[in-house]
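Each chain is listed here by its residues.
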Amino acid sequence: MLNIVIFGAPGSGKGTQSELIIRKYELKHISTGDILRKEIEKHSELGLLADKYISKGELVPDELIVGILGTILDENKKIKGFIFDGFPRTLKQGEALDKMLREKDTSVVAVLNLSVEENELIQRLLKRGEISGRSDDNMETIQSRLDVYRNQTEPLKEYYKKQGKLITIKGDTIEDVFEKITDTLDRML
Ligand code: C5P
Ligand code: MG
């Protein structure tokens, strides 16, 4: 299976690139952020809980997120691969993902690290906030999301680097980044 983690700070383009990747490589897109936002819209119990964390820019507890992931992995058995977008967010989640995939005799094959300057991230998120209606695309929450990213998520880079899976991608435009991603994935296939 072609299981890919799309990695990067908030605003680095994970969702945008995932959409392009699934079209070309026929993978299943799993965006934990999108899943949580749908639960919030439904006013489900999970949504109510998640909203408390998301609106502050904090992370939903690992057990909850890992549980959601486990269910999705079980539901999608006959596919070419997954693209994990916004997950894992912590070392614990990374380890849990490896374990869940190992139990299915598969693994993460590549981690695409989208590298974007912090100023650019903030500009993009503020701009997105004007149209997205997302409760977390405002200056205060953006700052805490960036802090959370640096403190809790960035250590995963080292984790995947040690496994030889980290591929850093830097580009100026959506097309430019996608071209670099396809170059990388085509070489692996
Ligand atoms: O991935 P995305 O940026 O859409 O996530 C939005 C928010 O959802 C995060 O800031 C966080 O509050 C929550 N989230 C989480 N754990 C994840 C993914 C998202 O807590 N694995
Ligand atoms: Mg996203």
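Structural notes, computed from the coordinates.

Basis of the calculations
- Residue numbers here run from 1 along each chain, matching the order of that chain's written sequence.
- To label them, take the chains in the order written and letter them from A, then take the ligands in the order written and number them from 1.
- Only residues with pLDDT of at least 70 get local features here, since the model is predicted, and only at 80 or more are side-chain atom pairs given and counted; chain-wide, interface and lining totals rely on the full set of residues.
- Here the side-chain values reflect all heavy atoms present in the structure, with hydrogen atoms and water set aside.
- At least two DSSP bridges between two strands are required for those strands to pair.
- The numbering of helices and of strands both runs from the N terminus, where a helix is a DSSP run of H or I of at least 4 residues and a strand a run of E of at least 2.
- Angular values range over 0 to 180 degrees, each being the angle between N-to-C directions of two axes fitted as lines to C-alpha atoms, with helices fitted over their stretch in contact.
- Throughout, the term roughly parallel applies to angles under 35 degrees, roughly antiparallel to angles over 145, roughly perpendicular to angles from 65 to 115, and oblique to all others.
- Whether a crossing is left-handed or right-handed is set by the direction in which the near helix is turned from the far one by less than a right angle, anticlockwise for left-handed and clockwise for right-handed.
- Here, two residues are considered to be in contact whenever any of their heavy atoms come within 4.5 Å of each other.
- Put simply, Ala, Val, Leu, Ile, Met, Phe, Trp, Tyr, Cys and Pro go in the nonpolar bin, Asp, Glu, Lys and Arg in the charged bin, and everything else, Gly too, in the polar bin.
- Three exposure classes are used, based on accessible area relative to the maximum for each residue type with a 1.4 Å probe and protein chains only: buried under 20%, partly exposed in between, and exposed over 50%.
- Only a single heavy atom is needed: when it lies within 4 Å of a molecule or strand, its residue is near that molecule or strand.
- As used in this structure description, the phrase polar contact means that two N or O atoms lie within 3.5 Å; if the pair is within protein, one of them must be able to donate a hydrogen and the other to accept it, and residues adjacent in sequence are counted only when both atoms belong to side chains.
- All accessible-area figures derive from a Shrake-Rupley calculation using a 1.4 Å probe, and residue coverage is judged against the displayed protein chains alone.
- In the sections that follow, a salt bridge refers to a side-chain nitrogen of Lys or Arg positioned within 4 Å of a carboxyl oxygen of Asp or Glu.

1. Observations regarding the sheet that holds strand β1 (residues 3-8)
- Taken in spatial order, the five strands line up as β2-β3-β1-β4-β5 in an open sheet, and their pairing is parallel. On the outer flanks of this sheet lie β2 (28-31) and β5 (166-169), each paired with one strand and no other. Taken pair by pair, the neighbouring strands of this sheet meet at an average axis angle of 20 degrees, ignoring direction.

2. Quick notes on the packing of helix α6 (residues 118-132) against helix α7 (residues 139-153)
- Contact geometry for α6 and α7: axes closest at 10 Å, N-to-C directions at 135 degrees. Between α6 and α7, the crossing angle belongs to the class labelled oblique. Like other packed secondary-structure pairs, α6 and α7 cross with a definite hand, here right-handed. Residues Glu118, Leu121, Ile122, Leu125, Leu126 and Arg128 of α6 form the contact with α7, whose own contacting residues are Met139, Ile142, Gln143, Arg145, Leu146 and Arg150.
- Across the contact of α6 with α7, the residue classes tally to seven nonpolar, one polar and four charged.

3. Observations regarding unusual backbone geometry
- Here the residue pair Phe87 and Pro88 is connected by a cis peptide bond, since its omega of -5 degrees sits within 30 degrees of zero.
- One non-glycine residue, Glu26, adopts positive backbone phi at about 55 degrees.
- Residue Glu26 is classed as exposed on the basis of its relative accessible area of 52%.

4. Focus on the site of ligand 1
- Around ligand 1 sit 15 residues in total, of which Arg37, Glu58, Val60, Gly86 and Arg89 are the nearest.
- Arg37 has a polar side-chain atom sitting 3.0 Å from an oxygen atom of ligand 1.
- Here a nitrogen atom of ligand 1 and a backbone polar atom of Gly86 are 3.0 Å apart.
- With the chains in place, 95% of the 450 Å² that ligand 1 exposes on its own is no longer accessible.
- Among the elements that make up the shell around ligand 1, the one with the highest residue count is helix α2 (residues 32-41) (four residues).

5. Quick notes on the pattern of salt bridges
- For the coordinates displayed, the defined rule picks out 15 salt bridges.
- The partner of Asp136 in a salt bridge is Arg134, with the nearest N and O atoms 3.0 Å apart.
- Since its relative accessible area comes to 5%, Asp136 is described here as buried.
- Through salt bridges with shared partners, a single network forms among Arg128, Arg134, Asp136, Asp137 and Arg145.

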